[in-house]
Amino acid sequence: MNAMKKMLMIPASALLLSAAASTVYADTQPVDRIDDILTYASDYGFTHYEEISIKSRGRAEVEGWLDDEWYADVEFSLDNGDTLKEERKRLITGAWGMSEDDVRQALNIASQEGMMEFEEIEIDKSGSIDIEGRDQNGRELDIKMRQGSFQVTEIDRD
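Nothing here was measured: the structure is a model prediction, and the numbers come from that model.

(A) The side chain of threonine 28, seen in detail. Mapped onto the secondary structure, threonine 28 falls in the loop between helix 1 (2-26) and strand 1 (29-30). Of the polar contacts made by the side chain of threonine 28, one reaches the side chain of glutamate 117; its length is 2.5 Å.

Written out as structure tokens, the structure is:
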């Protein structure tokens with residue numbers, strides 16, 4: 001009986017592992033879907049973007065500024081732009097991050113470097129932009145660049 005349980009556990013473990021691996025892979029969207037996400041975010045009121053990430057095939061999370069005082073973290077449906085979750089904080093640091101044009105330009109450069117799908121684009125206060133995604137073969141691709149010049153500073157292909 002014990003041997004039977006072990007034999008059943010191995011396929012179940014393999015199934016769970018493959019499900020987990022496919023979940024990681026599913027958290028990307030084609031680079032050109034950024035237009036839909038930016039439209040939803042702009043309609044919501046975002047002016048500056050700190051991070052845009054794909055949470056699942058059906059959701060995108062946007063973090064950034066609505067104006068100089070209000071910071072928001074919002075999840076949108078990729079199907080129709082409906083707001084699925086939202087948090088707002090009043091902060092005194094003032095708005096910073098990427099404009100819509102910055103996001104588009106950064107993803108355009110990432111696309112030129114072979115990125116077909118993106119998982120996340122984010123910027124830090126120093127102006128360093130980091131884009132994670134996948135190439136046409138499904139391999140992970142991480143591209144770093146500088147805001148303003150959009151000069152690529154590092155490319156990591158896994």
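(B) Here's a closer look at unusual backbone geometry. Look at phenylalanine 150: it is not a glycine, yet its phi comes out positive at around 55 degrees. If you trace the backbone, phenylalanine 150 turns up in the loop between strand 8 (140-146) and strand 9 (152-157). Overall, phenylalanine 150 belongs to the buried group, its relative accessible area being 6%.

(C) A look at helix 3 (residues 100-112). With 13 residues, helix 3 ought to run about 18 Å at 1.5 Å a step, and its terminal C-alpha atoms sit 18 Å apart, in line with that. Of the residues making up helix 3, those classed as buried are Asp102, Val103, Ala106, Leu107, Ile109 and Ala110. Down the axis, helix 3 shows its buried residues gathered within 155 degrees of arc, on one side only. More than 90 degrees from the buried face of helix 3, the exposed residues found are Asp101 and Gln112. Tucked inside the fold, the buried residues of helix 3 contact helix 2 (34-44), strand 2 (48-56), strand 6 (117-123), strand 7 (128-134), strand 8 and strand 9.

(D) Representation of the pairing of strand 6 in the model. With 5 of its 7 residues buried, strand 6 lies for the most part within the structure. With 2 bridges joining them, strand 1 and strand 6 adopt antiparallel strand pairing. Following the sheet pairing, proline 30 is matched in strand 6 by glutamate 117. Sheet topology places strand 2 next to strand 6; 3 bridges connect them, and they run antiparallel.

(E) Molecular detail of the environment of glycine 114. Looking at the secondary structure, you find glycine 114 in the loop between helix 3 and strand 6. C-alpha of glycine 114 to C-alpha of glycine 133: the two residues are 19 residues apart in sequence and 9.7 Å apart in space. With sequence-adjacent residues up to four places away left out, glycine 114 is seen in contact with Arg134, Asp135, Gln136 and Leu141.

(F) Layout of the confidence of the model for the protein chain. Here the protein chain averages 87 in pLDDT, and 83% of its residues register 70 or above. When mean pLDDT is taken per element in the protein chain, strand 7 scores highest with 98 and helix 1 scores lowest with 44. For the stretch residues 4-26, pLDDT sits under 50, and the model shows 6 contacts to residues farther than four places along the chain or on other chains.

(G) The nonpolar core, seen in detail. If you look at the biggest cluster of nonpolar residues, it comprises 37 residues, and the most contacted ones within it are Ile37, Phe46, Ile52, Val103, Ile121, Ile129 and Ile131. If one sorts the elements of this core by residue count, helix 2 sits on top with 6 residues. Not counting chain neighbours up to four residues away, the residues in contact with isoleucine 131 comprise Ala106, Leu107, Ala110, Met115, Glu120, Ile121, Leu141, Asp142, Ile143 and Met145.

(H) Geometry of helix 2. Residues of helix 2 that are buried: Ile34, Ile37, Leu38, Tyr40, Ala41 and Tyr44. Summarising the axial view, the buried residues of helix 2 lie within an arc of 160 degrees, below the 170-degree limit, and thus occupy one face. Just past helix 2, the residue glycine 45 takes up positive phi, approximately 125 degrees.

(I) How the structure looks around the pairing of strand 7. Strand 7 sits mainly inside the fold: 5 of its 7 residues count as buried. In this structure, strand 6 lies alongside strand 7, joined through 6 bridges in antiparallel fashion. Looking across to strand 7, one finds that phenylalanine 118 is bridged to glycine 133. Between strand 6 and the antiparallel strand that follows it, strand 7, lie 4 residues; glycine 127 among them carries a positive phi value of about 95 degrees. Two elements, strand 7 and strand 8, share 7 bridges in a ladder whose sense is antiparallel. Bridge pairing in strand 8 places arginine 134 opposite glutamate 140. Taken together, strand 7 and the strand that follows it, strand 8, pair antiparallel across an intervening segment of 5 residues, in which glycine 138 is found at a positive phi of about 85 degrees.

The rules behind these values
Residues numbered from 1 in each chain as written. Predicted model: local features only at pLDDT ≥ 70, side-chain atom pairs only at ≥ 80, totals over all residues. Heavy atoms only, no water. Helix = DSSP H or I, 4+ residues; strand = E, 2+ residues; numbered from the N terminus. Polar contact = N/O pair within 3.5 Å; in protein donor to acceptor, adjacent residues only side chain to side chain. Buried < 20%, exposed > 50% of the residue type's maximum accessible area, 1.4 Å probe, protein only. Expected span 1.5 Å × (residues − 1). Arc of directions from axis to C-beta. Contact = heavy atoms within 4.5 Å. Pairing = 2+ DSSP bridges. pLDDT = per-residue confidence, 0-100. Core = buried A, V, L, I, M, F, W, Y, C linked by side-chain atoms within 4.5 Å.

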